[in-house]
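# Examination of the molecular architecture
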Amino acid sequence: MSELGHVLVLAGGLSYEREVSLRSGRVVSEVLRAAGVDVETRDADASLVPAILADPPDAVFVTLHGGAGEDGAIRSVLELLDVPYVGADPDACRVAYDKPTAKAVVRSVGLHTPASVALPKETFHDLGASIVLGRIVERLGLPLFVKPARGGSALGTSMVRTAEELPAAMVGCFAYGDTALIERYVEGVEVAVSVVDLGDGPVALPAVEIVPDEGVYDYAARYTAGHTEFFAPARLSPEAAEACARTAVTAHTALGLRDISRTDLIVDASGTPHFLEVNVAPGMTETSLLPMAAEAAGRDLGELCAALLRIAAARA
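Only a predicted model underlies this, so the values are computations on that prediction, with no experimental measurement involved.

## Description of unusual backbone geometry
- For the bond running from leucine 142 to proline 143, omega is 0°, close enough to zero to count as cis.
- Take proline 143: it is sitting in the loop between α8 (129-140) and β5 (144-148).
- Between alanine 232 and proline 233 the backbone carries a cis peptide bond, its omega angle lying at 5°.
- Tracing the chain through its elements places proline 233 in the loop between β11 (228-231) and α11 (238-254).
- The phi angle at aspartate 82 is positive, at roughly 60°, despite the residue not being glycine.
- Positionally, aspartate 82 belongs in the loop between α4 (73-80) and α5 (90-97).
- The exposure class assigned to aspartate 82 is exposed, which follows from its relative accessible area of 67%.
- Of note in the backbone geometry, aspartate 259 takes a positive phi value of approximately 75° without being a glycine.
- Checked against the element boundaries, aspartate 259 lands in the loop between α11 and β12 (260-267).

## A word on helix α6 (residues 99-108)
- Lys99, Ala102, Lys103 and Val106 are the residues of α6 that are buried. Along the axis of α6, the buried positions cluster into a sector of 100°, meaning they face one direction only.
- Summarising the contacts, the buried residues of α6 are in contact with α5, β4 (116-120), β5, β7 (179-184), α11 and β13 (273-279).
- Just downstream of α6 lies glycine 110, where phi reads positive at about 95°.

What counts and what doesn't
- Residues numbered from 1 in each chain as written.
- Predicted model: local features only at pLDDT ≥ 70, side-chain atom pairs only at ≥ 80, totals over all residues.
- Heavy atoms only, no water.
- Helix = DSSP H or I, 4+ residues; strand = E, 2+ residues; numbered from the N terminus.
- Buried < 20%, exposed > 50% of the residue type's maximum accessible area, 1.4 Å probe, protein only.
- Arc of directions from axis to C-beta.
- Contact = heavy atoms within 4.5 Å.

What follows is the structure, encoded as structure tokens:
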């Protein structure tokens, strides 16, 4: 039996990623119970604060994705309530959650990241969409990847192979956020590298290689069993695997993250990793990448989550 007392798993919320968050919360709750931890699962709604005040948990595991789950807002509330939680603090979340800002930070410490342009919806409309998009294609080339500057689960994300596809991709992106990140597409192997810190500094788990059936790791490919093939560990050379691990740990450190993160990368033909984005509340569903990485490392997911909760509780 764990020495942890009562812990809370937060799942749900009101973002576009609510259903994924509920699945993550269910998995984390189940593996923690299997590890002997007394777990309560709650949604991030009006009942949350009164419940915490009435029965403060020893620590909270946040499995909220998108919105308040990763932009620091819910963590700010937890800090107001003096409740410790697993993961990065609000300031680090705000930096990491905004993809253009995160790319600027990791570029400043020498990591590779695809050339890109961040374009707010107002600029897209006010300055003449066709002229601006034409210049983007001239500057970045084709193909391109378009995605919301904030958010996850590949919602609003599109691959753009021709200039004619770009306007529709922008409109689809703006349905999920007010700023679009248009990024030069890098050909290579897509991998995700999870990082955990159990008290001795951040350590990368084995990279997980992602091979979607349709060629694009979109929402359906992420959360529908059988739509994507995964390899854990990734089929990389030892040198490329080590480079990916260094990149993920460097990004985790440079962005001021804590306890747990997942960095998404493209590894080009030369074995060089290119940073795409980082997740401060990695998915924990049946098809998510951090649980696969933990299994590849020989770690029990429940014990790993319990260890992270103990570290968080010790910060109280």
